[in-house]
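What follows is the residue order along each chain.
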Amino acid sequence: QVQLLESGGGLVQAGDSLRLSCVASGGTLSRLIIGWFRQAPGKEREFVADINWIPTTTNYADSVKGRFTISRDNAKNTVYLQMNSLKPEDTDVYYCAARLPIANVFNIWGQGTQVTVSS
């Protein structure tokens, strides 16, 4: 069973950048669709971005287009979320998740990493 571990969160100022990492253990990320989501206390989990296996297509939420970039390094079993021009409204717990292409929902989740953007 694949397990996911996020890292890279922290406290930054508006306009700064962060790169989140999602590393898989217990299996490979190959052939899986990997997504990043975020959630604030009391709010619904929000889709941020996802990336396919082959072809390496990507999707982004409108709120992060042009600022965030998702990428994957299959040799390192890692997916990244490069976040630039961060805004206070990007403050959330960020989760990575995985699913098979034939699945409708993401069924493997990491524990999350906190991102806090101060104004």
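Everything below is about the structure printed above this text.
The rules behind these values
- Residues numbered from 1 in each chain as written.
- Predicted model: local features only at pLDDT ≥ 70, side-chain atom pairs only at ≥ 80, totals over all residues.
- Heavy atoms only, no water.
- Salt bridge = Lys/Arg side-chain N within 4 Å of Asp/Glu carboxyl O.
- Buried < 20%, exposed > 50% of the residue type's maximum accessible area, 1.4 Å probe, protein only.
- Helix = DSSP H or I, 4+ residues; strand = E, 2+ residues; numbered from the N terminus.
- Contact = heavy atoms within 4.5 Å.
- Disulfide = S-S within 2.5 Å.
- Polar contact = N/O pair within 3.5 Å; in protein donor to acceptor, adjacent residues only side chain to side chain.
- Core = buried A, V, L, I, M, F, W, Y, C linked by side-chain atoms within 4.5 Å.

Chemist: I'm lost on the pattern of salt bridges in this one. Help?
Modeler: All chains considered together, the criterion is met by five salt bridges. Glu46 is the salt-bridge partner of Arg38, the closest N and O atoms lying 2.9 Å from each other. We classify Arg38 as buried; its relative accessible area is 4%. Taking relative accessible area as the criterion, Glu46 reaches 30% and is therefore assigned partly exposed.

Chemist: What's the story with the environment of Thr78 in this structure? I'm lost.
Modeler: Tracing the sequence through the fold places Thr78 in strand S8 (residues 78–83). Taking C-alpha positions, Thr78 is 29 Å from Gly42, a pair spaced 36 residues apart along the chain. Setting aside chain neighbours within four positions, we find Thr78 in contact with Ser21, Cys22, Val23, Leu29, Ser71, Arg72 and Asp73.

Chemist: Please explain the state of the cysteines as it appears in this structure.
Modeler: Disulfides are covalent bonds that link the sulfur atoms of two cysteine residues. For the structure on display, the rule yields one disulfide. A sulfur-sulfur separation of 2.1 Å characterises the disulfide bridge that pairs Cys22 with Cys96. When the S-S torsion is 65°, as for the bridge of Cys22 with Cys96, the disulfide is right-handed. With Cys22 in strand S3 (residues 18–25) and Cys96 in strand S9 (residues 92–99), this residue pair connects regions lying 74 residues apart in the sequence. The exposure class assigned to Cys96 is buried, which follows from its relative accessible area of 0%.

Chemist: I tried to follow the side chain of Thr78 on my own but got confused; where do I start?
Modeler: The exposure class of Thr78 is buried, given its relative accessible area of 6%. A distance of 2.7 Å separates a polar side-chain atom of Thr78 from the backbone oxygen of Lys76.

Chemist: Can you walk me through the nonpolar core in this structure?
Modeler: The nonpolar side chains of soluble globular proteins are, as a tendency, buried together. Core analysis: the largest hydrophobic core is formed by 28 residues, its most contacted members being Leu4, Trp36, Leu81, Met83 and Tyr94. Elements with a minimum of two residues in this core: S3, strand S4 (33–39), strand S5 (46–51), strand S7 (68–73), S8, S9 and strand S11 (113–118). With four residues, S3 is the single largest residue contributor to this core. Once residues lying within four places of it in the same chain are set aside, the contact partners of Leu4 are Cys22, Val23, Ala24, Leu29, Cys96, Ala97, Ala98, Ile108, Trp109, Gly110 and Gln111.

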